[in-house]
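Chain residues, written in single-letter form:
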Amino acid sequence: MDLMKLSFMLNGEATEIMVDPSDMLVDILRERLLLTGTKKGCGKGECGACTVIMDGAAVNSCMIPAMKAMGTTVQTIEGIGSPNQLHPLQESFMDEGAIQCGFCTPGMIMSAKALLDSTPHPDGAQIKEAIAGNICRCTGYVKIEKAILSASEKLKG
Amino acid sequence: MFQAYYMPQTVQEAMDILSGHKGQAAIIAGGTDLVLDIHEGKKNFSAFVDISRIPNLRSIEEEDGFLRLGAAVTHAQANRSALVQAAAPILAEACGKVGSLQIRNVATLVGNVVNAQPAADAAVALAALSAKAVIDDGTTCREVLVEDLYAEVGMCKVNPTKEIVTSLLVPVQKKRQGSAFVRLDQRKALALPMLNVAAVVQLDESGERFEWARIIMAPVGPGPVRGFEGENLLAGAAASRETIVQAAKAAVKHANPRSSALRGSREYRLGVLPVLVKRALEAAVIHAQKD
Ligand code: FES
Ligand code: FES
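Since we're looking at a predicted model, the values are computed, not measured. (Residues numbered from 1 in each chain as written. Chains lettered and ligands numbered in written order. Predicted model: local features only at pLDDT ≥ 70, side-chain atom pairs only at ≥ 80, totals over all residues. Heavy atoms only, no water.)

S.K.: Describe the pattern of salt bridges, listing the residues and the values that go with them.
M.R.: The final tally for this structure, using the stated rule, is 18 salt bridges over all chains. Here the salt bridges do not stand alone but share partners, grouping E147(B), R214(B), R226(B) and E231(B) into one network. (Salt bridge = Lys/Arg side-chain N within 4 Å of Asp/Glu carboxyl O.)

Set out below in structure tokens:
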């Protein structure tokens, strides 16, 4: 089988990599680009752990053939903050106790970020809609919703 | 697994790639169903032709009396579109029920139809609205009602290795028309429907009588199922509670649900279906009378 060249913007950097056309984006991110912040839970679109932002929209990277990322802009959890400078969402998740085991957190935060990027002041229903595709087995969601709300307030400035 | 991935810029280019692969290549758009089927070994193709980048397939446009939704239009796009919300509100609503936002952001309406799952929410709304699919086989384009595209469960009459559904044509809602979409599900998110019903009604000048009604029920057959007997009872009848209850009962005669661990038993679903049809019809009448 022939490898194909995938070029895209990943966390602000022009990225080129040779991929097998049947690779899924999540595997390229994790196994080849070593961005293991993006998690793979179910591998079939049911848990949202693999959520990344592609051209502004939250998507399940386990369902996206890597070649679909061609020419797009992709953001992963690694691209939105750093240990010294957390993104307001990351801060709020910690402050509100919205993280327990943490496995859902990167996907949850990327879903939340896609929401806040397009809707800076979401209401409760919009927050629920945005994270309905992200399963958390630990927190019970209430704290996550609070964290997203408080991050939106911080971002208001 | 597949060996090649093409991203054509025009429908013609896509058709050429398809015919060059002689049945081994398939069209992919959002891919949310197809990728799963490939991973589970249910389908096998050597190449994919991704039509989601073809510019004129990504738009929603109004053309006299119709909305034209391109084959790359996603559920999220249709759900948020002011045009769809105004001209075909149940379609916008149904599109918001599919999967999760991550799925709606990539899964297309045409994919929802051609994948031919009997309970596909968007397809149920499209069937109720008398929407047509425009199918291009490289030489001619034909228009087929969405409800007539189903061969059997999971089998669409469109051949993905030879033909492309380029768009959907959805009639714009007219005066004194109303519609409603009702869904029974186990949870409010990421749940397949146990039952869904869509109804579209046209009232007469007085607003008190039906001119016609369309009732679609799913998943109670190989594709979205029409409740012809109920529709016949309603044609020309008074828009009263009694006729609606009668019609709902009659419509359900066409339903043939199977017992399923996921969707509930046949008995339960046959028991609640008339109630859902009644609710859909009542809501559609209220909607039509507001107009
Ligand atoms: S790993 Fe992608 S949705 Fe679960
Ligand atoms: S914190 Fe454990 S799954 Fe969400």
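S.K.: Explain the interface of chain B and chain A to me, using residue names and the numbers behind them.
M.R.: At the interface, 27 residues of chain B touch 31 residues of chain A. Summed over both sides, the interface between chain B and chain A buries roughly 2,100 Å², with carbon and sulfur atoms accounting for 61% of that surface. Looking only at chain B, the three residues that lose the most surface to chain A are F2(B), Y5(B) and Q102(B), adding up to 28% of its buried area. In this assembly, chain B and chain A are joined by 2 salt bridges. R104(B) serves as the salt-bridge partner of E129(A), at 3.2 Å between the closest nitrogen and oxygen. If you look at where chain B meets chain A, you find 10 residue pairs in polar contact (both at pLDDT 80 or more). (Contact = heavy atoms within 4.5 Å. Buried area = accessible area lost by both parts, 1.4 Å probe. Polar contact = N/O pair within 3.5 Å; in protein donor to acceptor, adjacent residues only side chain to side chain.)

S.K.: Account for the confidence of the model for chain B, naming residues and giving values.
M.R.: Residue and element names in this part refer to chain B. Averaged over chain B, the pLDDT score is 93; the fraction of residues at 70 or greater is 100%. When mean pLDDT is taken per element in chain B, strand β5 (residues 66–70) scores highest with 98 and strand β8 (residues 150–152) scores lowest with 85. Predicted as a complex, the structure gets a pTM of 0.95 and an ipTM equal to 0.96. (pLDDT = per-residue confidence, 0-100. Helix = DSSP H or I, 4+ residues; strand = E, 2+ residues; numbered from the N terminus.)

S.K.: Can you break down the packing of aromatic side chains residue by residue, with the values?
M.R.: Applying the stated criterion to the full structure yields 1 aromatic pair over all chains. Considering the side-chain rings of F45(B) and F48(B), the 6.3 Å spacing of their centres and the 55° angle between planes classify their relative orientation as tilted. (Phe/Tyr/Trp six-rings, centres within 6.5 Å; stacked < 30°, edge-to-face > 60°.)

S.K.: Could you give an account of helix α1 (residues 11–20) of chain B, naming the residues involved and the relevant values?
M.R.: All names here are of chain B. Residues of α1 that are buried: V11, A14, M15, I17 and L18. Taken around the axis of α1, the buried residues stretch over an arc of 165°, which confines them to a single face. Where the residues of α1 are buried, they touch β1 (4–6), β2 (25–28), β3 (47–50), β6 (132–136) and β10 (164–171). Phi turns positive, to about 45°, at K22, one or two residues after α1. (Buried < 20%, exposed > 50% of the residue type's maximum accessible area, 1.4 Å probe, protein only. Arc of directions from axis to C-beta.)

S.K.: With reference to specific residues and values, describe helix α8 (residues 121–128) of chain B.
M.R.: Counting buried positions along α8(B) yields 8 of 8 residues, so the element is predominantly enclosed. Immediately downstream of α8(B), the backbone of S130(B) shows phi near 60°, a positive value.

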